[in-house]
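# Close look at the chain arrangement
Given next are the chains, with one letter for each unit.
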Amino acid sequence: MIRRYVKVADVALNGGLSNSRVFDQMLCDVLGIPVVKRGGADATALGALIVAAHALDPSCEPEQIFNEVHKNRSLRGLSRMIRTKRSIGKVF
């Protein structure tokens, strides 16, 4: 059915749900196209981290945040990179 609207060769799957071979096979059967695992099971957590860090400091581009986390394989440099701006006063 999906091929009726767009040309899709395969579906990229990552995040914790990609650890389930049953889900992978079910998705493949339903869509009728191959399911390819990309990234790791921590991809969902990394995506949430990038969104949260960007929300704290919009001047940090998501690509910068991703590179900083992958460079050190830790969050050590991320706290220096994010410059949170707190305002004192009325919150709407």
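Residues numbered from 1 in each chain as written. Predicted model: local features only at pLDDT ≥ 70, side-chain atom pairs only at ≥ 80, totals over all residues. Heavy atoms only, no water.

### Digging into the confidence of the model for the chain
In this model, the chain carries an average pLDDT of 77, and 71% of its residues clear a pLDDT of 70 or more. Every residue in residues 85-92 scores below 50 in pLDDT, and together they form two contacts with partners more than four places removed in sequence or on other chains. (pLDDT = per-residue confidence, 0-100. Contact = heavy atoms within 4.5 Å.)

### Observations concerning the side chain of Asp57
Note that Asp57 resides in the loop between helix 2 (43-56) and helix 3 (62-72). Since its relative accessible area comes to 0%, Asp57 is described here as buried. Within the local environment of Asp57, its side chain forms a polar contact with the side chain of Ser59, the two groups lying 2.6 Å apart. (Helix = DSSP H or I, 4+ residues; strand = E, 2+ residues; numbered from the N terminus. Buried < 20%, exposed > 50% of the residue type's maximum accessible area, 1.4 Å probe, protein only. Polar contact = N/O pair within 3.5 Å; in protein donor to acceptor, adjacent residues only side chain to side chain.)

### Here we look at helix 2
End to end, helix 2 covers 20 Å across 14 residues, agreeing with the expected 20 Å (1.5 Å per residue, within 8%). Those residues of helix 2 not exposed but buried are Leu46, Ile50 and Ala53. The buried side chains of helix 2 occupy one side of the element, clustering within an arc of 70 degrees when seen end-on. Every exposed residue of helix 2 that faces more than 90 degrees away from the buried side is listed here: Thr44, Ala45, Val51 and Ala55. (Expected span 1.5 Å × (residues − 1). Arc of directions from axis to C-beta.)

### Points about the side chain of Asp24
Checked against the element boundaries, Asp24 lands in helix 1 (residues 21-31). Residue class for Asp24 comes out buried when judged on its relative accessible area of 11%. Those residues in contact with Asp24 that lie beyond four places of it in its chain are Leu13, Leu17, Ser18, Val35 and Lys37.

### Section: the nonpolar core
Leu46, Ile50, Ala53, Cys60, Ile65 and Val69 together form the largest nonpolar core, which totals six residues. Of all elements in the fold, only helix 2 and helix 3 reach the threshold of two or more residues within this core. Element by element, the count of residues in this core is highest for helix 2, at three residues. (Core = buried A, V, L, I, M, F, W, Y, C linked by side-chain atoms within 4.5 Å.)

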